Amino acid sequence: MQYFTRDGSHAIVNLLLKHCDTPNIEIHNPVSVLEMQKEGDEFRIICDKGEVRAKYLIIGTGGMAAPAVGATDFGLHIARKFGHTIVPANPALVPLVFDPKEWEPFSQLAGVSLRAIIAIGGCVFEDDMLFTHKGLSGPLILNASSYWNEGEELSINLCPSIDLAEVLIEASKSSGSNKSKPASILEQYMPKRLEAVMVGALPPNRNLSELGHKALRQLADSIHNFRVKPTGTQGYKKAEAMSGGVDTKEVDPKSMQSKLVDGLYFIGEVLDITGHLGGYNFQWAWSSAVTCARALKSRLSE
Ligand SMILES: Cc1cc2nc3c(=O)[nH]c(=O)nc-3n(C[C@H](O)[C@H](O)[C@H](O)COP(=O)(O)OP(=O)(O)OC[C@H]3O[C@@H](n4cnc5c(N)ncnc54)[C@H](O)[C@@H]3O)c2cc1C
């Protein structure tokens, strides 16, 4: 689901600022928080522009994705400092890259996009996939990347709408006279540039009836079960999220308060929660913030 504003994102920022326009809220922006400590029952927050003391501290510093817009590991550093366990963090919702030599036959496909299916980490995704010069991207791959472990091979169905073996063999039975080539069938179901690469491994100039059922089945399998082994991801620079983070076992889901340090709260992406594409990461950031705000409000009114 996508929500668009008529007046741009500033309209949302201005609305939130308007809600904060009360005497008990102070906004310090821009500011860099350099360190945080607990002294007695107070937190000491050391910033580049001075110090702040507070009874309660909410860490909402996000993850490490997109360092160009200020993402750092600061939240993880603070959580670790207060004794929290950190589930190892990795770039998530990120394009995958391959060994340049192994990827060479496919690098010419950069820009080709198609609907495909992938099963990974107990999930099945069906979405658009994009070939790039270095590897694979598009929503299908971004979602899959959150489940991919280094060294793992991917198996992608590049033609999920039909059973290609059945269609090719059926066509081969009637192609004796008209000399149809596999390409004439495949191009009905996939982008022409991709089809040309996939039939490239077959003996040239053979028509369907000359190839035999075994070769046609192998061709179909290479498309339904396109196996490739990424060497890595494009990293936090290109990631839309971070997997891993503050272990949720050590945070009370009803208040977002740390179970280890009284008065310390965690919200948003700094926690080990990663959503699929589709607004779930924003939703988590907002929902956890609301949960935390409600819990703190009732604590303050006690
Ligand atoms: C390119 C891109 C596209 C995305 N698209 C989507 C999308 O379409 N839908 C979706 O649901 N999610 C999307 N996400 C993910 C989403 O933006 C995050 O999950 C969400 O913003 C996390 O919210 P947060 O409040 O936890 O952290 P953030 O929004 O990252 O906010 C944390 C803030 O803390 C500040 N900060 C950190 N450390 C310090 C410090 N030491 N001192 C001062 N300030 C500090 C940071 O500068 C930042 O402003 C996208 C992310 C990226 C990078």
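The structure we're discussing is the one just above.
Now for a look at the structure at hand. Fair warning: this is a prediction, and the values are worked out from it, not measured in the lab. (Residues numbered from 1 in each chain as written. Predicted model: local features only at pLDDT ≥ 70, side-chain atom pairs only at ≥ 80, totals over all residues. Heavy atoms only, no water.)

What follows is about the packing of aromatic side chains. Inspection of the entire model under this criterion finds eight aromatic pairs. Ring plane angle 45° and centroid distance 5.1 Å describe the contact between Trp103 and Phe106, whose orientation is recorded as tilted. Of this pair, Trp103 and Phe106 both sit in helix H3 (residues 100–107), three residues apart, roughly one helical turn. According to the relative accessible area criterion, Trp103 is buried, its value standing at 2%. A ring pair is formed by Trp103 and Phe131, whose centres lie 6.0 Å apart and whose planes are at 20°; its orientation type is stacked. Highlighted residues: Trp103 in helix H3 and Phe131 in strand S8 (residues 123–131), separated in sequence by 28 residues. Judged by its relative accessible area of 1%, Phe131 falls in the buried class. (Phe/Tyr/Trp six-rings, centres within 6.5 Å; stacked < 30°, edge-to-face > 60°. Helix = DSSP H or I, 4+ residues; strand = E, 2+ residues; numbered from the N terminus. Buried < 20%, exposed > 50% of the residue type's maximum accessible area, 1.4 Å probe, protein only.)

Bridge count between strand S7 (residues 113–120) and S8: eight bridges; the pairing is antiparallel. Each bridged residue has a counterpart across the sheet, and for Ile120 the counterpart in S8 is Cys123. In sequence, S7 turns back onto S8 through a hairpin of two residues, with Gly121 there showing a positive phi of about 55°. Sheet topology places S8 next to strand S9 (residues 135–137); two bridges connect them, and they run antiparallel. For Phe131, the partnering residue across the bridge sits in S9 and is Leu136. Counted between consecutive antiparallel strands, the loop separating S8 from S9 contains three residues. (Pairing = 2+ DSSP bridges.)

Attention now moves to a nonpolar patch on the surface. A cluster of nonpolar side chains, contributed by Val13, Leu17, Ile25 and Ile27, occupies part of the molecular surface with about 330 Å² of accessible area. Among the structural elements, Leu17 can be located in helix H1 (residues 9–19). Taking relative accessible area as the criterion, Leu17 reaches 42% and is therefore assigned partly exposed. (Patch = residues over 30% accessible without salt bridge, like charges linked within 9 Å, V, L, I, M, F, W, Y side chains within 5 Å. Areas by Shrake-Rupley, 256 points an atom, 1.4 Å probe, with all protein chains shown as cover. Salt bridge = Lys/Arg side-chain N within 4 Å of Asp/Glu carboxyl O.)

A few words on the environment of Pro67. Along the chain, Pro67 falls in the loop between strand S4 (57–59) and helix H2 (74–81). For the pair Pro67 and Lys238, spaced 171 residues apart in the sequence, the C-alpha separation amounts to 9.2 Å. What Pro67 contacts, discounting residues up to four positions off in sequence, is Tyr236 and Lys237. (Contact = heavy atoms within 4.5 Å.)

Attention now moves to the site of the ligand. Close contacts around the ligand come from 18 residues, with Val33, Glu240, Glu269, Gly279 and Phe282 the closest. Phe282 is positioned such that a nitrogen or oxygen atom in its backbone is 2.7 Å from an oxygen atom of the ligand. For the ligand, whose accessible area on its own is 1,000 Å², the fraction buried by protein is 62%. Tallying contributions element by element places helix H9 (residues 280–300) first for the shell around the ligand, with four residues. In terms of residue class, the shell around the ligand is made up of eight nonpolar, eight polar and two charged. (Near = heavy atom within 4 Å. Polar contact = N/O pair within 3.5 Å; in protein donor to acceptor, adjacent residues only side chain to side chain. Nonpolar A, V, L, I, M, F, W, Y, C, P; charged D, E, K, R; others polar.)

With that settled, consider the sheet that holds S9. Paired through backbone hydrogen bonds, the strands of a sheet run either parallel or antiparallel to each other. Spatial strand order, S11-S10-S7-S8-S9-S6-S12: seven strands in an open sheet with antiparallel pairing. Either end of the sheet is taken by a strand with one partner, and the two such strands are strand S11 (226–228) and strand S12 (232–233). Sheet topology note: the strand S10 (residues 154–157)/S11 ladder contains three bridges and is antiparallel. Within S11, the position partnered with Ser155 by the bridge is Arg227.

Pro30 follows Asn29 through a cis peptide bond whose omega is 0°. Relative to the helices and strands, Pro30 resides in the loop between H1 and strand S1 (33–39). Notably, Ala66 is not glycine yet its phi reads approximately 65°, a positive angle. Within the secondary structure, Ala66 is located in the loop between S4 and H2. According to the relative accessible area criterion, Ala66 is partly exposed, its value standing at 24%.

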